[in-house]
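Structural overview
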Amino acid sequence: MLRCLFLLLISVACTWSAAAQAVVPNSLNATLDGYEYPYPVAYLPLTLEGQKLRMAYMNVAPTARANGRTVVLLHGKNFFGAYWRETIKALAAAGFRVIVPDQIGFGKSDKPDIHYSFHQLARNTKHILDTLGVQKAVVVGHSMGGMLATRFALMYPAATEKLVLENPIGLEDYRVGVPFQTVDQAEATERKSTEESIRKYHATYYPHGYPKAHDQWLLPLAAQTRHPDFPQVARSNALTFDMIYQQPVSYEFSRVQVPTLLIIGQEDRTVVGKGLVKDPNVLATMGQYPELGRRTATQIKGAKLVPIAGVGHIPHLEATPKFLAALMAFIK
């Protein structure tokens, strides 16, 4: 019976429907107005550094008998909450409430010129949970979301039921191998972004070729480059790059006290700031996710590691059934 239910969840998660994909306008503003998310979007009002802001999030109820538990899904830097669509669907079908924020500076949330920090993003995320009356949640983070999820678990261990890190960046200190650049330099580079350059970068996430299906998550970002708001987006992108560079979590994994799972696509070679590294010998030592995953699993007491062979940076998109199998087995 349980096996049949699990297979049904995998089937639900992998169902592909053209109707489920949002239409992407040719041009989108800084908060993706006019682009529809897979579930209704709510907004949390925040005041940060004297600025009144809105933080977007999806709050998805279980579609099966509720189990009384909540999962929080934290997106990566070059993404927004909607790319968790199939994961949300599967979790809701398993009885979980699912909360999916767009962090300030990303997706449908405001993009202010402020000092970005993982501590502040974690506090904002906790504010959402407090507002919704959620005392404890499973926290799942992909890529940059893994750095944020780690910081959240360190700041709020009592609110973190379990921690799941999916190909997180920050398993190494990028300052050691990636040359420093100022925010202004990073912003100048970001302002040159085009659909072609974004596509070229996203293709590196897929070791066996870029899938056409990924366009649904790339095209909204490309559409922003064609809108007058894009300088604002570029500035936020530069500021959050600096946050990742300046605020490593790699020295603190031994402090994590909650049950932790690492799901690591073994062909991932992501390095934040890779284009700045001119020495190929230095670059060859970085982004080695098989080793980084093993090392991190030994640093977190009791952590479980699930390596996924032949998969790159985004297992929940590239290998959805395998990702969900590992996730569900850990949080059941």
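Residues numbered from 1 in each chain as written. Predicted model: local features only at pLDDT ≥ 70, side-chain atom pairs only at ≥ 80, totals over all residues. Heavy atoms only, no water.

Details of the pattern of salt bridges
Per the stated rule, a full pass over the model turns up 16 salt bridges. A salt bridge links Glu 195 to Arg 199; its shortest N-O distance comes to 3.0 Å. Of this pair, Glu 195 and Arg 199 both sit in helix 6 (residues 195-203), separated by four residues, roughly a single helical turn. For Arg 199, a relative accessible area of 26% corresponds to the partly exposed category. Arg 199 is the salt-bridge partner of Asp 215, the closest N and O atoms lying 2.7 Å from each other. One end of the pair, Asp 215, is in helix 7 (residues 215-224); the other, Arg 199, is in helix 6, and 16 residues separate them in sequence. Judged by its relative accessible area of 6%, Asp 215 is buried. (Salt bridge = Lys/Arg side-chain N within 4 Å of Asp/Glu carboxyl O. Helix = DSSP H or I, 4+ residues; strand = E, 2+ residues; numbered from the N terminus. Buried < 20%, exposed > 50% of the residue type's maximum accessible area, 1.4 Å probe, protein only.)

Considerations on helix 5 (residues 183-191)
What helix 5 keeps buried is the set Val 183, Ala 186, Glu 187 and Glu 190. Down the axis, helix 5 shows its buried residues gathered within 100 degrees of arc, on one side only. Opposite its buried face, helix 5 presents the exposed residues Asp 184 and Thr 189, each directed more than 90 degrees away. The elements touched by buried residues of helix 5 are helix 8 (230-246). (Arc of directions from axis to C-beta. Contact = heavy atoms within 4.5 Å.)

Examining the packing of helix 3 (residues 118-131) against helix 4 (residues 144-155)
Between helix 3 and helix 4, the shortest axis-to-axis distance is 9 Å and the interhelical angle comes to 70 degrees. It follows from the interaxial angle that helix 3 and helix 4 lie roughly perpendicular. The segment helix 3 lies against helix 4, with Phe 118, His 119, Leu 121, Ala 122, Thr 125, Lys 126 and Leu 129 engaging Met 144, Met 147, Leu 148, Arg 151, Phe 152 and Met 155. Residue composition of the contact of helix 3 with helix 4, grouped by class: nine nonpolar, two polar and two charged. (Axes fitted to C-alpha atoms, helices over the stretch in contact; angles between N-to-C directions. Parallel < 35°, antiparallel > 145°, perpendicular 65-115°, else oblique. Nonpolar A, V, L, I, M, F, W, Y, C, P; charged D, E, K, R; others polar.)

Focus on the pairing of strand 2 (residues 51-60)
Remark: a regular strand shows side chains that alternate across the two faces of the sheet. With eight bridges joining them, strand 1 (residues 41-48) and strand 2 adopt antiparallel strand pairing. When the bridges of strand 2 are listed, Leu 46 appears paired with Leu 53. In this antiparallel pair of consecutive strands, strand 1 and strand 2, the connection spans two residues, and Glu 49 shows a positive phi of 50 degrees. Sheet analysis places strand 2 next to strand 4 (residues 97-101), joined by four bridges and oriented antiparallel. Residue Val 60 lies in a different strand from strand 4, and its bridge partner there is Val 98. (Pairing = 2+ DSSP bridges.)

Here we look at the pairing of strand 6 (residues 160-166)
With six of seven residues buried, strand 6 is to be regarded as a mostly interior element. By the bridge criterion, six bridges tie strand 5 (residues 137-142) to strand 6 in an arrangement that is parallel. Bridged to Ala 137 within strand 6 is Thr 160. As for the winding sense of the linkage, the β-α-β connection from strand 5 through helix 4 to strand 6 is right-handed. The pairing of strand 6 with strand 7 (residues 260-265) spans four bridges and is parallel. Following the sheet pairing, Glu 166 is matched in strand 7 by Ile 263. (Right-handed = clockwise from strand over helix to strand, strands pointing away.)

Take it as geometry only, folks, not as evidence of what the structure does.
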